[in-house]
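Chain by chain, the residues:
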Amino acid sequence: MSTPATHTPEPAARRRGLDLRLDRFRGLATAIVVFAALLLVVDLISAGPLSYFDISFLSSGGATLALAAVGQTIVILSGGFDLSAGAVLSLVNVVLATTMDPTDFEASIVLWTAVGIGVGMLVGAFNGFFIAFVRLQPIVVTLSTMFIIQGITLLILDKPGGFVSPSLGGFYLGDLVPGWIPMPIALLFAVGLFWMWLKRTRFGTALYAVGSDPNAAAAAGLRVDWTRFAVYVVAGGFYGLGGVFISAQTGSGDPLVGNPLLLSIFAAVVVGGTRLGGGRGGPIGSIFGAYILMIVVNILLVLNVSAYYSTIAEGLILLLAVLAGSISRGSTLAHQIRGAWTRFGAWRAGTLPSQIGGGDRRLAMTDVARPESRTQAMPSLWSRHGETLRFALPAYAALVLVIIVTQVWLGNAILNWTYWNSIVVLSSFLAILALGQGTVILTGGLDLSVPWTIGFCGILLAGMVQGSDAALVYALPVVLLVAVGIGLVNGLGIVWLGLSPIVVTLATNGMLQGAALIYSGGTPAGFSSPLLRWFMTAKVLGITPVVYFMVVFVIFSVIFLSRTSFGRRVYGIGNGLRVAQLSGIAVGRTLVGVYVLSAVCAALVGILLTGFSGQASLGMGDDYLLPSIAVVVVGGALITGGRGHYLGMLGGVLLLTALQTLLAGTTLPYATRAIIYGVVVLGAVIALRDRRELS
């Protein structure tokens, strides 16, 4: 007699299927509920019920962010990141503003929309080629592209101006059905329909498969490389459409119009329910997420809360949304809570290893007599340090070439001590950042909070010192303690909450920007103390005092990373997080220490920059994000962690500083510096990558 096959009861199967569907659309449903609740709040705090004009105004105010968030969502669904989104918005805006005929007030809507989308798709194809076919890390490629595009944008239009035909604004900001349907809502509805069709195509299926597990997708016969390439092209098209819309809103060009939107774009995607890492979510939720952020900012303004708090609110929303989407029994936070409770119980019971006596429990080692004569010769320098030299020496070789070109082009360089003194002084900022950012990269992370850590700490110091040497006694420790706090926020968010370093440090950067605006009131006041100014600009025996400091700093950095237990733990984590954990490395404490070190180094740069220029300014750290990564990569470090040496990073610092000095002596525009930085980073990553990045 055969045994009847067991099967799940039909009601239970239906219930499980319903649970899966609810889990699948939980993020979208939550975003819709929050959006509806915020609309109700707006209605309650407004003078009267929401009118058609109010709805039209709100719809146009969030459309640019929503369109950019749709493109970013498609990238994140594939498991990638795109830091170039804001730069593409700016590029499309200036292209339209500089190529439209100022006398043409009835320009073709279809033509210029196609131009904007096409520009975005070209940038997306550039990103996609290096990510999909050259197999570079998305973060490095899109960050480099961001700076290249910003440089190109400034070359096209270096200040606000230009002309965008009023017909573009009349179309995109008008009504599809007068008095009933605003055009921005119709546009986003059309985008939603396009996505519903796209996700049911072969590309849509491959998109989710690649984001969930690229190896499984490849085993199933999907073209992972072509899918990733198409992802960035499609995303670039949406950025381009966002650039067209913002051009219709402004009626002119602004080379910086898209830069502030990067944090908001990521926040909108996460608030909309898309999971960072890929495989779950969708653009519809991101559209609602964009409007949630916009309404929150509008509510703050209605309540007379300063606009300076907007980036703080966006950063907090991003962190809370990511945390809410990741909470589960198996999450890092849940694991940390259970571990802390277990350690507390062991402490109460007196069973912690530190509470148990018994003397020295280390393994006994048998003494082995050393032979009087060595049978083997000492390994050669190359055999002991061959890999380090192979990846670090190219930076120094390129440095020599740049110095020779400087001598030939400008003259009076090689034998001019003033030139070398200037190179060291100018490179001091990047040399300090190289230790902090380089240590983060060695663990496989990235610190995007560097710009406003520099800016906030510099503004804080200038505001406390107010030109007084005596105030330095307490101002310097306070600023450095603030930096330690910033590093702790980053490190604990990554270690304890299990959040992505990119998300945590990007959110921290936005919150620090808001904090700097609030502290300074939008206009930083105060000046560097004379002593700090002397330290950065005076001469002692013909040498600037900071040069003596940098000699000590370089020696310390080399010993710190290569000769201490902390440095060895950093390399261990970079070569394999799980292996490091199983090897007994205190991974959590080490990672927190790494981000504290990065923040302290950034704060030190903010202090020195304040002394160098005599005062602090908003955005004083903006020019140091890509260079802080560039010098590490150009110096031979592996962007995914585990490989690199500080002396190689120092070579990258000297190379980029010498290159910057050479460019400053030519007639090339300032914007070319950003382009060259981006190209140098891409070239270095391609030239110095190894087999781990190709697998």
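Residues numbered from 1 in each chain as written. Predicted model: local features only at pLDDT ≥ 70, side-chain atom pairs only at ≥ 80, totals over all residues. Heavy atoms only, no water.

Engineer: Would you mind showing me how to read the overall build of the chain here?
Structural biologist: Within the chain one finds 29 helices and two strands. For the chain, with 695 residues in total, the buried portion stands at 51%. Taking all contacts inside the chain whose residues are at least 6 apart in sequence as the whole, residues at least 24 apart take part in 80%. Roughly 32,600 Å² of accessible area belongs to the chain as shown, and the carbon and sulfur atoms make up 67% of that amount. (Helix = DSSP H or I, 4+ residues; strand = E, 2+ residues; numbered from the N terminus. Buried < 20%, exposed > 50% of the residue type's maximum accessible area, 1.4 Å probe, protein only. Contact = heavy atoms within 4.5 Å. Areas by Shrake-Rupley, 256 points an atom, 1.4 Å probe, with all protein chains shown as cover.)

Engineer: Would you take a moment to explain the packing of aromatic side chains for this structure?
Structural biologist: In this description, a pair of aromatic rings is defined by centroid distance and the angle of the planes. All chains considered together, the criterion is met by 21 aromatic pairs. A ring pair is formed by Phe-35 and Phe-288, whose centres lie 5.4 Å apart and whose planes are at 70 degrees; its orientation type is edge-to-face. Of this pair, Phe-35 sits in helix H2 (residues 26-45) while Phe-288 sits in helix H13 (residues 283-302); the two residues are 253 residues apart in sequence, bridging distant segments of the chain. (Phe/Tyr/Trp six-rings, centres within 6.5 Å; stacked < 30°, edge-to-face > 60°.)

Engineer: When you look at the nonpolar core in this model, what are you seeing that I'm missing?
Structural biologist: Proteins that are soluble and globular tend to have nonpolar side chains buried together. Within the largest apolar cluster, 191 residues are counted, with the highest numbers of intra-cluster contacts made by Leu-168, Tyr-172, Ile-454 and Tyr-646. With 13 residues, helix H17 (residues 417-442) is the largest single contributor of residues to this core. When sequence neighbours within four positions are dropped, the list of residues in contact with Leu-168 reads Leu-96, Met-100, Ile-109, Val-244 and Ala-248. One finds Ala-580, Leu-591, Val-592 and Val-596 within the second-largest nonpolar core, a separate group that totals seven residues. (Core = buried A, V, L, I, M, F, W, Y, C linked by side-chain atoms within 4.5 Å.)

Engineer: Teacher, can you tell me more about helix H23 (residues 565-575) here?
Structural biologist: Counting along an α-helix, one turn takes 3.6 residues, and residues three or four places apart therefore face a common direction. All of the buried residues along H23 are Phe-566, Gly-567, Val-570, Tyr-571, Ile-573 and Gly-574. Looking down the long axis of H23, one finds its buried residues gathered within 160 degrees of arc, a one-sided arrangement. (Arc of directions from axis to C-beta.)

Engineer: I tried to follow helix H25 (residues 587-613) on my own but got confused; where do I start?
Structural biologist: For H25, which comprises 27 residues, the first-to-last C-alpha distance of 39 Å matches the rise-based estimate of 39 Å (1.5 Å per residue) to within 8%. Burial runs high along H25: 20 of the 27 residues are buried. One or two positions beyond H25, positive phi appears at Gly-614, with a value near 90 degrees. (Expected span 1.5 Å × (residues − 1).)

Engineer: For this particular structure, what's the right way to read the pattern of salt bridges?
Structural biologist: Two side chains with opposite charge may pair up if their charged atoms get near one another. By the definition in use, this model includes two salt bridges. Arg-223 is the salt-bridge partner of Asp-225, the closest N and O atoms lying 3.5 Å from each other. Of the residues examined, Asp-225 reaches a relative accessible area of 25% and is grouped as partly exposed. (Salt bridge = Lys/Arg side-chain N within 4 Å of Asp/Glu carboxyl O.)

Engineer: Would you take a moment to explain the side chain of Ser-60 for this structure?
Structural biologist: With respect to the helices, strands and loops of the structure, Ser-60 is situated in helix H3 (residues 52-77). We classify Ser-60 as buried; its relative accessible area is 14%.

Engineer: So what exactly am I meant to see when it comes to a nonpolar patch on the surface here?
Structural biologist: Together, Leu-40, Val-41, Leu-44, Ile-45, Val-302 and Leu-303 line one region of the surface with nonpolar side chains, adding up to about 540 Å² of accessible area. Looking at the nonpolar patch element by element, the count peaks at four residues for H2. Within the secondary structure, Val-302 sits in helix H13. (Patch = residues over 30% accessible without salt bridge, like charges linked within 9 Å, V, L, I, M, F, W, Y side chains within 5 Å.)

Engineer: So what exactly am I meant to see when it comes to the environment of Ile-299 here?
Structural biologist: Turning to its location among the elements, Ile-299 is positioned in helix H13. A relative accessible area of 12% places Ile-299 in the buried class. With 254 residues separating them along the chain, Ile-299 and Ile-45 place their C-alpha atoms 8.4 Å apart. The contacts of Ile-299, once residues within four sequence positions are left out, are Leu-38, Val-41, Val-42 and Ile-45.

Engineer: Looking at this structure, I do not really get unusual backbone geometry. What am I missing?
Structural biologist: For residues other than glycine, phi is negative in most cases, and the peptide bonds are mostly trans. A positive phi angle, near 65 degrees, is found at Arg-135, a position not held by glycine. Checked against the element boundaries, Arg-135 lands in the loop between helix H5 (109-133) and helix H6 (138-156). Judged by its relative accessible area of 47%, Arg-135 falls in the partly exposed class. The phi torsion at Leu-541 lies on the positive side, around 60 degrees, for a residue other than glycine.

Engineer: What exactly am I supposed to notice about the side chain of Ser-628 here?
Structural biologist: Counting through the fold element by element, Ser-628 comes out in helix H26 (residues 625-634). Overall, Ser-628 belongs to the buried group, its relative accessible area being 0%. A distance of 3.2 Å separates the side chain of Ser-628 from the side chain of Gln-437, its partner in a polar contact. Looking at Ser-628, its side chain comes within polar contact range of the main-chain oxygen of Leu-625, at 2.7 Å. (Polar contact = N/O pair within 3.5 Å; in protein donor to acceptor, adjacent residues only side chain to side chain.)

Engineer: Please explain the packing of H17 against H26 as it appears in this structure.
Structural biologist: The geometry of a pair of packed helices is captured by two quantities: the angle between their axes and the separation between those axes. One can describe the packing of H17 onto H26 by two numbers: an axis separation of 8 Å at closest approach and a directional angle of 70 degrees. One way to sum up the angle between H17 and H26 is to call them roughly perpendicular. Mapping the contact onto sequence places Leu-430, Leu-433, Ala-434, Gln-437, Gly-438 and Ile-441 in H17 and Leu-625, Pro-627, Ser-628, Ile-629, Val-631 and Val-632 in H26. Looking at the contact of H17 with H26 residue by residue, the classes come out as nine nonpolar, three polar and no charged. (Axes fitted to C-alpha atoms, helices over the stretch in contact; angles between N-to-C directions. Parallel < 35°, antiparallel > 145°, perpendicular 65-115°, else oblique. Nonpolar A, V, L, I, M, F, W, Y, C, P; charged D, E, K, R; others polar.)

Engineer: Would you mind going over the environment of Ala-97 with me for this structure?
Structural biologist: As for its position among the elements, Ala-97 is in helix H4 (residues 85-99). Looking at Ala-97, the relative accessible area reads 4%, which means it is buried. A sequence separation of 68 residues divides Ala-97 from Ser-165, and the C-alpha atoms of the two residues are 8.5 Å apart. In contact with Ala-97, other than residues within four places in its own chain, are Gly-161, Gly-162, Phe-163, Val-164, Ser-252 and Gly-253.

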